[in-house]
Protein chains: 4
Amino acid sequence: MTKPKLRIGMVGYGFMGRTHSNAFLTAPRFFDLPRQPELTAICARDRDRAEAFAQNWGYGSVETDWKDLVARDDIDLIDIAAPNNMHQEIAIAAAEAGKMVMCEKPLGRTAAESQKMVDAVEKAGVANMVWYNYRRIPAVTLAKQMIDNGDLGRIFHYRAKFLQDWTISEDLPQGGEGLWRLDKSVAGSGVTGDLLAHCIDTAMWLNGGIDSVTAMTETFVKEREHTLTGKVEPVGIDDACAFMGRFANGSLATFESTRYARGHKALYTLEINGEHGSLFWDLHDLHRLEYFDHRDDGRTRGWRSVHVTDGDHPYMDKWWVPGLSIGYDESFTHQAADFIMGLDGTPAAPTFADALKTDKVTDAVLKSADTGRWETAS
Amino acid sequence: MTKPKLRIGMVGYGFMGRTHSNAFLTAPRFFDLPRQPELTAICARDRDRAEAFAQNWGYGSVETDWKDLVARDDIDLIDIAAPNNMHQEIAIAAAEAGKMVMCEKPLGRTAAESQKMVDAVEKAGVANMVWYNYRRIPAVTLAKQMIDNGDLGRIFHYRAKFLQDWTISEDLPQGGEGLWRLDKSVAGSGVTGDLLAHCIDTAMWLNGGIDSVTAMTETFVKEREHTLTGKVEPVGIDDACAFMGRFANGSLATFESTRYARGHKALYTLEINGEHGSLFWDLHDLHRLEYFDHRDDGRTRGWRSVHVTDGDHPYMDKWWVPGLSIGYDESFTHQAADFIMGLDGTPAAPTFADALKTDKVTDAVLKSADTGRWETAS
Amino acid sequence: MTKPKLRIGMVGYGFMGRTHSNAFLTAPRFFDLPRQPELTAICARDRDRAEAFAQNWGYGSVETDWKDLVARDDIDLIDIAAPNNMHQEIAIAAAEAGKMVMCEKPLGRTAAESQKMVDAVEKAGVANMVWYNYRRIPAVTLAKQMIDNGDLGRIFHYRAKFLQDWTISEDLPQGGEGLWRLDKSVAGSGVTGDLLAHCIDTAMWLNGGIDSVTAMTETFVKEREHTLTGKVEPVGIDDACAFMGRFANGSLATFESTRYARGHKALYTLEINGEHGSLFWDLHDLHRLEYFDHRDDGRTRGWRSVHVTDGDHPYMDKWWVPGLSIGYDESFTHQAADFIMGLDGTPAAPTFADALKTDKVTDAVLKSADTGRWETAS
Amino acid sequence: MTKPKLRIGMVGYGFMGRTHSNAFLTAPRFFDLPRQPELTAICARDRDRAEAFAQNWGYGSVETDWKDLVARDDIDLIDIAAPNNMHQEIAIAAAEAGKMVMCEKPLGRTAAESQKMVDAVEKAGVANMVWYNYRRIPAVTLAKQMIDNGDLGRIFHYRAKFLQDWTISEDLPQGGEGLWRLDKSVAGSGVTGDLLAHCIDTAMWLNGGIDSVTAMTETFVKEREHTLTGKVEPVGIDDACAFMGRFANGSLATFESTRYARGHKALYTLEINGEHGSLFWDLHDLHRLEYFDHRDDGRTRGWRSVHVTDGDHPYMDKWWVPGLSIGYDESFTHQAADFIMGLDGTPAAPTFADALKTDKVTDAVLKSADTGRWETAS
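Note that the coordinates shown come from a computational prediction; the quantities given were computed from them, not determined experimentally.

Novice: So what about the interface of chain C and chain B? Which residues, and what values?
Specialist: A common way to state how big an interface is: give the accessible area lost once the parts meet. Each side of the interface is counted separately: chain C has 39 residues, and chain B has 39 residues. Together chain C and chain B conceal approximately 3000 Å² of surface at their shared face, both sides included; 50% is due to carbon and sulfur atoms. If you sort the residues of chain C by the area they bury against chain B, Arg29, Lys265 and Trp320 of chain C come out on top, with a joint share of 24%. The tally of links between chain C and chain B comes to four salt bridges. Salt-bridge contacts for Arg288 of chain B lead to Asp285 of chain C; the nearest nitrogen and oxygen are separated by 2.9 Å. Put simply, chain C and chain B have 20 residue pairs in polar contact (both at pLDDT 80 or more) between them. When residues of the side of chain C that touches chain B are traced back to their parent elements, those giving at least two are helix 1 (15-30), helix 2 (47-57) and helix 9 (329-342) of chain C. Of all the elements, helix 1 of chain C adds the most residues to the side of chain C that touches chain B, at eight residues.

Novice: Provide a residue-level description of the confidence of the model for chain A, including the pertinent values.
Specialist: The predicted coordinates of low-pLDDT regions are not to be read in fine detail. Averaged over all residues, the pLDDT of chain A equals 97, while 100% of them reach at least 70. Under the prediction, the complex receives an ipTM of 0.97, its pTM being 0.98.

Novice: Lay out the environment of Gly188 of chain A in plain terms, naming residues and giving numbers.
Specialist: All names here are of chain A. Topologically, Gly188 is positioned in the loop between helix 7 (184-187) and helix 8 (191-207). For Gly188, a relative accessible area of 17% translates into the label buried. Taking the C-alpha atoms as reference points, Gly188 and Ser21, separated by 167 residues in sequence, lie 25 Å from one another. For Gly188, the contacting residues outside a window of four places in its chain are Arg109 and Asp183.

Novice: Describe the packing of aromatic side chains, with residues and values.
Specialist: How two aromatic rings sit relative to each other is set out by the distance from centre to centre and by the angle between their planes. In this structure the tally under the stated criterion is 112 aromatic pairs over all chains. Centroid distance Phe15 of chain A to Trp320 of chain D: 6.2 Å. Interplanar angle 40°. Geometry classified as tilted. Taken together, the residues Phe15 of chain A in helix 1 (residues 15-30) and Trp320 of chain D in the loop between strand 16 (303-307) and helix 9 (329-342) connect one chain to another. Its relative accessible area of 24% is what places Phe15 of chain A among the partly exposed residues. Seen from their ring centres, Phe243 of chain A and Phe255 of chain A are 4.6 Å apart, and the 5° between their planes marks the pair as stacked. Taken together, the residues Phe243 of chain A in strand 11 (residues 240-247) and Phe255 of chain A in strand 12 (residues 252-258) connect sequence positions 12 residues apart. Given a relative accessible area of 1%, Phe243 of chain A falls into the buried group.

Novice: I'd like to hear about the pattern of salt bridges, residue by residue, with values.
Specialist: If charged atoms from side chains of opposite charge come close, those side chains can pair. Tallying each qualifying case throughout the model produces 104 salt bridges over all chains. The salt bridge involving Arg135 of chain B is made with Asp201 of chain B; its shortest N-O contact spans 2.8 Å. Of this pair, Arg135 of chain B sits in the loop between strand 6 (128-130) and helix 6 (138-148) while Asp201 of chain B is found in helix 8 (residues 191-207), placing the two residues 66 residues apart along the sequence. One exposure class covers both Arg135 of chain B and Asp201 of chain B, and it is buried. Measuring nitrogen to oxygen at the nearest pair gives 3.3 Å for the salt bridge that ties Lys144 of chain D to Asp148 of chain D. Separated by four residues within a single helix, Lys144 of chain D and Asp148 of chain D lie in helix 6 (residues 138-148), roughly one turn from each other.

Novice: Talk me through the pairing of strand 13 (residues 267-274) of chain A; I want residue IDs and the actual numbers.
Specialist: Residues and elements named next belong to chain A. With eight of eight residues buried, strand 13 is to be regarded as a mostly interior element. By the bridge criterion, eight bridges tie strand 7 (residues 155-163) to strand 13 in an arrangement that is antiparallel. Each residue of the ladder has a partner; that of Arg159, found in strand 13, is Glu271.

Novice: An account of the relation of the copies chain C and chain B is needed here, citing residue identities and associated values.
Specialist: What connects the two chain copies is a rotation about an axis and a shift along it. Of the transformation superimposing chain C on chain B, the axial component is 0.0 Å and the angular component is 180°, with the fit at an RMSD of 0.0 Å. The relationship between the two copies is best expressed as a two-fold rotation axis. Residues of chain C ranked by C-alpha distance from the rotation axis are headed by Gly327 of chain C, positioned 2.3 Å from it. Here 100% of the contact residues of chain C are again contact residues in chain B; the copies associate through an equivalent surface.

Novice: If you had to explain the interface of chain B and chain A to someone new, which residues and values would you point to?
Specialist: The interface is formed by 44 residues belonging to chain B together with 44 residues belonging to chain A. Of the roughly 3600 Å² buried between chain B and chain A, counting both surfaces, carbon and sulfur atoms make up 56%. For the pair chain B and chain A, the number of links is four salt bridges. In this structure, the salt-bridge partner of Glu256 of chain A is Arg159 of chain B, at a minimum N-O distance of 2.8 Å. Of all elements in the fold, only strand 7 (155-163), strand 8 (210-218), strand 11 (240-247), strand 12 (252-258), strand 13 (267-274) and strand 14 (277-282) of chain B reach the threshold of two or more residues within the side of chain B that touches chain A. Class assignment of the residues belonging to the side of chain B that touches chain A gives a composition of 17 nonpolar, 16 polar and 11 charged.

Rules used throughout
- Residues numbered from 1 in each chain as written.
- Chains lettered and ligands numbered in written order.
- Predicted model: local features only at pLDDT ≥ 70, side-chain atom pairs only at ≥ 80, totals over all residues.
- Heavy atoms only, no water.
- Contact = heavy atoms within 4.5 Å.
- Buried area = accessible area lost by both parts, 1.4 Å probe.
- Salt bridge = Lys/Arg side-chain N within 4 Å of Asp/Glu carboxyl O.
- Polar contact = N/O pair within 3.5 Å; in protein donor to acceptor, adjacent residues only side chain to side chain.
- Helix = DSSP H or I, 4+ residues; strand = E, 2+ residues; numbered from the N terminus.
- pLDDT = per-residue confidence, 0-100.
- Buried < 20%, exposed > 50% of the residue type's maximum accessible area, 1.4 Å probe, protein only.
- Phe/Tyr/Trp six-rings, centres within 6.5 Å; stacked < 30°, edge-to-face > 60°.
- Pairing = 2+ DSSP bridges.
- Least-squares fit on C-alpha atoms with pLDDT ≥ 70 in both.
- Nonpolar A, V, L, I, M, F, W, Y, C, P; charged D, E, K, R; others polar.

What follows is the structure, given as structure tokens:
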């Protein structure tokens, strides 16, 4: 009883190329999938490094031009793990070639780019997904189930932060491998597209659409050497961005992101306050969900620290035993599994269309930071 | 060697009347003060309850009209622990009568009221102070010392929240004793003057002035029964308020306050991120200061949970031994002690003039929430 | 309606003399007591310092010989806050003079001493109490109420630790003021009587009697200068002590105490595990009780961090508002209040007879550390 | 440049069979190994299930008798993931056949069994290792490096606990798949061999040998249905075990383990207190190491919560980026990688000889629980 294959062509071999490759290798070991993923080809411009990557991860072949990858008949799915400025062109070409498309986040550098990508996959009718992996941390998925179940009642507040501290040094250059996130022409924006996009995707999944926002951005270090030109050049990205807003359900939003918060490596936190209870989650301790239930008896009521490692927690029946935690990379494994399981039924989210909504919010945030006014986000 | 007395006339016997009375009784037991505070008179409209209060706390006499209290020759200091709408009139009269004046926060319902009070005490040349007690939680005072010492370097971010959950029920009425904070005519505003004022006072003490803000407010429950009229009446206060802003030193501000955050009773938190390190404090665990020092060796660097109970921590040489914590009320004791020690030297802060600056920020916040634009805050 | 006075004669003006004095001054401000405590006399050998103490705390008079204090007609209650080696003699004399007696813990240096003290107060029929103050931290009292209510079901485990780090330096001398706890002739024992006695008192209050124990002690620094003789002398106390045991209810006990645990100032922790749930408490965050209720729904079950500051929590209706914590000293205030309220009804615990049971356990612990065998503890 | 293969024959397909299989598959993706592990054969009595396991994990073939597996020429390494009662026979046969041997912990059911296994691998001169995986949690490895570096100075205390709550129900049967840990004939002991063995292995690795112990055990549920016989039979294992002891370096040991601690799923905690500092680690938040450094400035000293996810932390340069955590299973991956890297150099620990020392301690613990006396542990 051989399963049909899902033949994958990956573009990019950086940090995200590794997480995606690992996910496709691991998912079929822990999940019963209807199709067997196969790492068919890796594509990157540097052939030597691409071959080393292929050997390490077990890719069957190597391409150095993504157009050649897209043109191959033996590829079912193009997975884009390349920098943001390449997403649009590759995704549209892949869709036009009839391939399924998975893409790292954010979908486009702007909502305009994303709109074209959505149009392409919808016209082609191909399966598509964006790697907003944090939805599939079990504690976050549990939060989603609880909210959908009405455990919190009417929602009043949603707040999220994504704090890092890795760009504080003025000696850090911009551009080039590993540093393209500081180059606006490649990344599109700074923390807004990189970090707030994650926060917004989760927020709208958990709490619905965001109607309007007012925002503030800052670039603390104005000039940095560019590794590609060797010259000191202006920094175009936002080092920090905060915004306030209103959700369609009437609740209030407060969001903040920065790469200048000493002591925080990747502190993505979210909290939601409702009539009956509240939830809090923190990427630094990703296996815990903090839950306050006001309906508990008053004298013994308190924030519950739920260690999300039991068999009845989302995804956790597939892993170890209660008390033994999984890590960051398993969120990608879950997403790969869900994508494959969704191919023959309800497509797994977030689709390109879902990710476009996030880009509309980030566009409005950046616009508001410029105009100093409230802007609509949809 | 008898110390000169400091004869106190207190106005108000509610929650704050108790904290102030306790502070004046306790301060001389633990601090070596140049003057001996004496609870000379308590003033409140209900004579029976005032007399019970006087007996409990050891006040020597009772007044039922604050004008009579202010007129007495045997009073050195008028301490105003009455609702916000009475602050201005009493404070100005007390100053004009040559009394020292202490006043609960916020100073006025608006900066205009506060300005008149500042003018009065400055014209009279009388000692004055506003009870922003959180400055004198030892962990907060330690934060101040560390920041002034340059431990954090250049500051990038300051964020504060004050979250409560006690007004979520629609059945809670407004107005009357204990509930005047929901009545705009008495309180002046909702969470902005009540909770954010604390956050702003601490923030400007720690990080300097705030230049400009953009804000958002919400009133979740639009109508509540008024206990004085017995009728359902519109709610005029802000149930929640968030704002962003820029400090004069170039750092970014994000503030939020609400009475609709389930699970948080009085969660005042503040965090400040600088080039070299960060600090975090939380009123729910007020004896701890969290400190990250980036200059620690990288492999063993982490947020330090400083249990601020040692003899070399601010104020703590006056209390017990290391590891044994003090509580909320001691912040008032410290403030009373500092006020008295400042009478013969450098006046203790925050003075009325300091508190006026906070009211200018809250005014700007409320204005911005109305206009939807950035407003200047000074 | 004047209340009858409770005229107090205090012996000792050290750390504990201050906590007791503060408790008697504060208790009537916050609790409605049937008798009004009066600080009638303080007794200590150094007259100048005794007088300074009297002036600071408002004692009416000074004695320099405790026998004179005990002989006075205007004293109702003798409160012993002197070092351990003085407890027995003073307490028996006070009882024989018909005074009520309160005594710092441990009651005696040995159970034999304590037995004589119990005999004396019982023969005299005078009210008596030992200052095991931690029972009256609201979170600990709440734990007691929950256990008595059956919330935990059958108990399997009880564990407690009291960890400090203040005697690690070999340069710290023994003996003399503030250091008598290192002198075995004065203190009776080291951490066993000082710290484990607290743990045992709470444990037997919460979980019933301890039947048998096996123990281990260690003295890490074998010699220290003695401040009274000026010579380096052997250290007789136990620097560390751990024991295991069995409670009468069949549950298992594990206890540990040391003054050599770096990073812990006064870390008294206790945990109790039962069929339905568990409780954990920590003196360093004394206002929190951690509670796990297995009967909660499995998917959202977790340790609840109960912030014990609400009006329906033990003692807390007397203090501030939810979220605002009290400190270490309030546990003494509660004990003073309970003692006075118990004078005309059910006597408040722990009485001398209760404290004797604790001393029997500490005796068995020290004996087992010597014999290397299990010893009975009652 | 093809690497030589390391051909693995696995015995057992339960929980541990999965963790080992995943480790061998994952290790070469993230570590540069001198040999390429190959999943050559899986052995288990039920052929259908063995074949399903082989297909899922990519094993090349299936055996149903471990003797056939051991006899195969195309196997380099026998990895024993079968229940404890099978360890001895398989390991000795494998060694005699010249295979490398890896074995799940504890090595034998008793030290006598383990001794025979040590003799066999040493006589055969084959590489060997026991899967005490917790040594290779990065935070635990970091603790080892810090202790070896002298960061803590002279050690005074070591304490460890391993608390679970999964056997409290009297309805839980013993014996059979997944429940053999409750059957003494299979497991050898209860929590002592299962949980305390982990604690002891880590302890002796970090802090050296244990000389002597005194212990206490309890079986709370005396009878349980046995799934293989269908009858209610006596429970032979220890449900709980605590012991105290002395390390060779003079420090004191306190250990506790139970399956009756409500709210704890797999709470393995360890703490070590030294002259200069202390360390604490907790399996429930396995990516954090708590560190107190007394040499920090006194006013800002506190327990540091080190988030062990940076590139200069042990193993973490192989994974993601700072702030992104790994989980339980990666500890097996690290162990597999270290074993393979040790084949051509210094053999990786813990070897069978190391694990024998742990079994000598557990034997002494169980003996002391029986005799009520201190027993030597080596």
